[in-house]
Every structure is written in C-alpha cells, then in structure tokens.
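# Coordinate analysis (summary)
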2 protein chains.
Amino acid sequence: MYSESIQKLIKEFERFPGIGHKTAVRLAFHVLESDEAFAKNMAETLIEAKSKVKFCSVCYNLTDLDPCTICSNKKRLEETICVVEDVKDVIAMEKTHEFKGKYHVLHGAISPMNNISVEDIKIKELIKRLSDGKVKEVIIATNPTIEGEATAMYISRLIKPLGVVVTRIAHGIPVGGDLEYTDEITLIKALEGRREM
Amino acid sequence: MYSESIQKLIKEFERFPGIGHKTAVRLAFHVLESDEAFAKNMAETLIEAKSKVKFCSVCYNLTDLDPCTICSNKKRLEETICVVEDVKDVIAMEKTHEFKGKYHVLHGAISPMNNISVEDIKIKELIKRLSDGKVKEVIIATNPTIEGEATAMYISRLIKPLGVVVTRIAHGIPVGGDLEYTDEITLIKALEGRREM
C-alpha cells in the first residue's frame, strides 16, 4: 500500500524493540515530512555513535573513551565494585549520586532458558579485576529476577574464596509503595531484610 | 552521564514526535547493542527514503514514482476524487478496498490558530484538477475537527459553482461503539445524518 522506499523505512523502524507497526509508520512519516537535514543528521549520528562508542576495556560500560570516564576518574574509590547486568543500570545508579566506587557491567544474567551461560557474560573479566587485591567489596546489583538472583549467587560463590566482601543490594517495598499492593515475594524479601531501628 | 556520542544519539531520537527521553534511551541503546549493520542499514534507508520519496505531482501523495501508482492506475475511476488531509488518510481509505476513485492530499487543514491559511494547503491544486470537467464528484474526507470542517466548508463553496457534486463522509457512532459512551457532538452528527431504514 505504501511505496517501496516508505515500506522499507517503516520496516527499519519496526526492528526496534517496543516499536510496533503503527509507531513505525508515524516515525517514518515524520522523517519523510521533515526537511532533508533531519534524515541526514539522524543517519550521520547513527553511524558516528556506532563507530565511536565502544565497551570500556575495564568495566565493559559503553563509552567514547577507553577506559571510560568512571574508570579513569581518580576520585572514584577503587576498593568497591558495583556489579550490574546492563549499561542502563549504571546510569540508574549514577543518578543517585550515592555510589562512589566503580562498576562492572555483566551484559546479561545467567539464563539457561535463553541459552545464556556463565561464559556469555563478563564474569571472568570481573574475577580478573579482583586479582590485584585492591578491591575490598563487590556489591552485586543484578535485578531481583530468577536470572539476576542466580547470577548473584554464582558470582558470590566465586568471589568469597578470594577474601573479598560480597554484598547484595536490598530488596523490599519501594519508597512510597503500599503494603497492600506489594507482591508476596517482595514482602518476604522485605521481612528477611529487616533491620533494627 | 552518558558519553557524548550516546547523548547525541539519544537527542536525535527525542526529536521524533511521541518519543520521550526514556524511549529515546531505549532506542539508542538498541542501536549501540546491535551489530554494525543495523546502524548502517538504518542510516542508508533514511537517506534513500528521503531522496526517493517525493510528492505525486497530481494528488500530492508521497510516492517513489511520479505520478503515483494510484494516479497512474487506469482501473481507478477518474470521475471521483476523495480529498484527505494527510498521506496517512489515503492509506486508511485504501485499507477499506471500497473506494475506487482517486485522491487529493491537502497536507493539512485551514487553521488560523496554527497559522495555516488557504494558501498553505493544496486547495488551488485541487481546483486545477477539476478544470477539465472529467471529475463528477468530490468526496471531502477531512477529519471531523473544527479545522477539518472549516476546510470542508471552504472547499465545497469553491467547488459547487463548477458544477461538481460535493459530498462529505458521514460522521456518527463508530461500529461497535456504545451510545452511552459517545460524546454529544458525535451523537448530534449521528442524529443529523440519520437515514430511512
């Protein structure tokens, strides 16, 4: 129904996760109805970002510079590493302005269901970072899902023998949440994680 | 917080209508996490679509070929023109497989509020198409909004003196709709447009 080039453009947009046909059509038409510069800038930025952005060779965060700005920042504590599943989790952590250590991005979690094994994520790279003995604590901040928990468990067993303290971020009722609407698993976690007042 | 190239890519995505910061981040990271070919294909398709897709010189639909496939289709009736506001409206009409005539895309509706006047949309181009006397009916299918109605009214006044029949698509309760939840204006339209059974 659409002409060939339009159809091709719509299909490209549909390849993004969470973009259905209707949204893809809307985005494609926005490109076609905008001036030439819009498509050109977009195309150039895509190519540029893809060529410039690499994984940091230390923490595996996405970065323009290697090592990344966090890894090369002298003010960040070298003795604490926060382990996360995903690049976006680093951003979430950074937004708190609370954590002063460094990161390690696993790029996934162990998931036999999805054929993601220990070798597919950056676990051995994490162990390697601990070899010089500078790191005193590893905070495991993988997601509170089955995969995230399994990964946390696996990593903690691997690290403990090295004499490094392994901690897990707390799971419980989110601030502003309501007991009534909290699921059972979260409530169990909240009870387990209770602290003296 | 994100490195420069990532930030630039996120900003490009945010320029699309309906794409907020969080979605832009998701799309940008999808590009960065996909292989090189993804960004390359996307960039090429953007440039290609923008350079190939033009307005049809007859009906002002977006098309790879000029005149477009609908205008050059000998099987389509030349005597009926359906006037729509937008390219996407042509697709909506085509999906019905009911309309066998041709189209005319106005690219907007008269809207003094948004500084869109009669000259800004393709009205004079429509009048020009009627000059050879082949067209017997103009169906005005602009949206049932204040702007769409005003545009419909303006066009009908312009065309009637030419001896061409001007019709307006029906407005009423959508099929599957419920009287209880129908707004007053639609109900009034539905009453006005009642037909003998």
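It should be emphasised that the depicted structure is a prediction, and the values quoted were computed from it without experimental measurement. (Residues numbered from 1 in each chain as written. Chains lettered and ligands numbered in written order. Predicted model: local features only at pLDDT ≥ 70, side-chain atom pairs only at ≥ 80, totals over all residues. Heavy atoms only, no water.)

### Things to note about the interface of chain A and chain B
- Counting from both sides, the interface comprises 50 residues of chain A and, opposite them, 50 residues of chain B.
- Taken together, the two surfaces of chain A and chain B that pack against each other cover about 5,000 Å², and 70% of this comes from carbon and sulfur.
- Three residues, A:Met1, A:Phe16 and A:Lys50, lead the burial of chain A against chain B; their summed loss comes to 14% of the area buried on that side.
- Where chain A packs against chain B, one counts two salt bridges.
- For A:Lys8, the salt bridge is made with B:Glu48, and the minimal N-O distance between the two is 3.1 Å.
- One can count 16 residue pairs in polar contact (both at pLDDT 80 or more) joining chain A with chain B.
- Listed by contribution, the elements that provide at least two residues to the side of chain A that touches chain B are helix 1 (4-14), helix 2 (21-33), helix 3 (36-52), strand 2 (62-63) and helix 4 (87-95) of chain A. (Contact = heavy atoms within 4.5 Å. Buried area = accessible area lost by both parts, 1.4 Å probe. Salt bridge = Lys/Arg side-chain N within 4 Å of Asp/Glu carboxyl O. Polar contact = N/O pair within 3.5 Å; in protein donor to acceptor, adjacent residues only side chain to side chain. Helix = DSSP H or I, 4+ residues; strand = E, 2+ residues; numbered from the N terminus.)

### Side note on the sheet that holds strand 4 (residues 102-105) of chain B
Residues and elements named next belong to chain B.
- The strand order across the open sheet built from four strands is 4-3-5-6, with neighbouring strands paired in parallel fashion. Unpaired on one side and paired on the other, strand 4 and strand 6 (165-168) mark the two borders of the sheet. This sheet shows a mean twist of 25 degrees between the axes of neighbouring strands, independent of strand direction.
- Relative to strand 6, strand 5 (residues 137-140) runs parallel, the two sharing four bridges. Its bridge partner lying in strand 6, isoleucine 140 is registered against arginine 168.
- Helix-sheet contacts for helix 4 (residues 87-95) involve strand 3 (80-84) and strand 4, and the interaxial angle to strand 4 is about 155 degrees.
- Packing of helix 6 (residues 146-159) onto the sheet brings it into contact with strand 3, strand 5 and strand 6, and relative to strand 6 it is tilted by some 165 degrees. (Pairing = 2+ DSSP bridges. Axes fitted to C-alpha atoms, helices over the stretch in contact; angles between N-to-C directions.)

### A closer look at the packing of aromatic side chains
- Overall, the coordinates contain eight aromatic pairs over all chains when judged by the stated rule.
- Linked through ring pairs, A:Phe13, A:Phe38 and B:Phe16 together constitute an aromatic cluster. (Phe/Tyr/Trp six-rings, centres within 6.5 Å; stacked < 30°, edge-to-face > 60°.)

### Topic: the packing of helix 1 of chain A against helix 3 (residues 36-52) of chain B
- Running from N to C, helix 1 of chain A and helix 3 of chain B cross one another at 150 degrees; their axes reach a closest spacing of 9 Å. Here helix 1 of chain A lies roughly antiparallel to helix 3 of chain B, going by the angle between them. Every pair of crossing elements has a handedness; the one defined by helix 1 of chain A and helix 3 of chain B is left-handed. In contact with A:Ser5, A:Lys8, A:Leu9, A:Glu12 and A:Phe13 of helix 1 of chain A, helix 3 of chain B contributes B:Phe38, B:Asn41, B:Met42, B:Thr45, B:Leu46, B:Glu48, B:Ala49 and B:Lys52. (Parallel < 35°, antiparallel > 145°, perpendicular 65-115°, else oblique. Left-handed = near helix turned anticlockwise from the far one by under 90°.)

### Things to note about the sheet that holds strand 6 (residues 165-168) of chain A
Residues and elements named next belong to chain A.
- Strand order in the open sheet made by the four strands is 4-3-5-6, with parallel pairing throughout. Of all the strands in the sheet, the pair left with one neighbour each is strand 4 (102-105) and strand 6. The sheet shows a mean angle of 25 degrees between the axes of neighbouring strands, direction not considered.
- As paired elements, strand 3 (residues 80-84) and strand 5 (residues 137-140) share four bridges and run parallel to each other. Across the sheet, the residue bridging to valine 83 is isoleucine 140, located in strand 5.
- Along the sheet, helix 4 makes contact with strand 3 and strand 4, crossing strand 4 at roughly 155 degrees.
- Packing of helix 6 (residues 146-159) onto the sheet brings it into contact with strand 3, strand 5 and strand 6, and relative to strand 6 it is tilted by some 165 degrees.

### Some words on the nonpolar core
- A:Phe13, A:Phe16, B:Phe13 and B:Phe16 are the most contacted members of the largest nonpolar core, which has 74 residues in total.
- In this structure B:Phe13 touches A:Phe16, A:Met42, A:Leu46, B:Ile19, B:Ala24, B:Leu27, B:Ala28 and B:Val31, once residues within four positions along its chain are discounted. (Core = buried A, V, L, I, M, F, W, Y, C linked by side-chain atoms within 4.5 Å. Buried < 20%, exposed > 50% of the residue type's maximum accessible area, 1.4 Å probe, protein only.)

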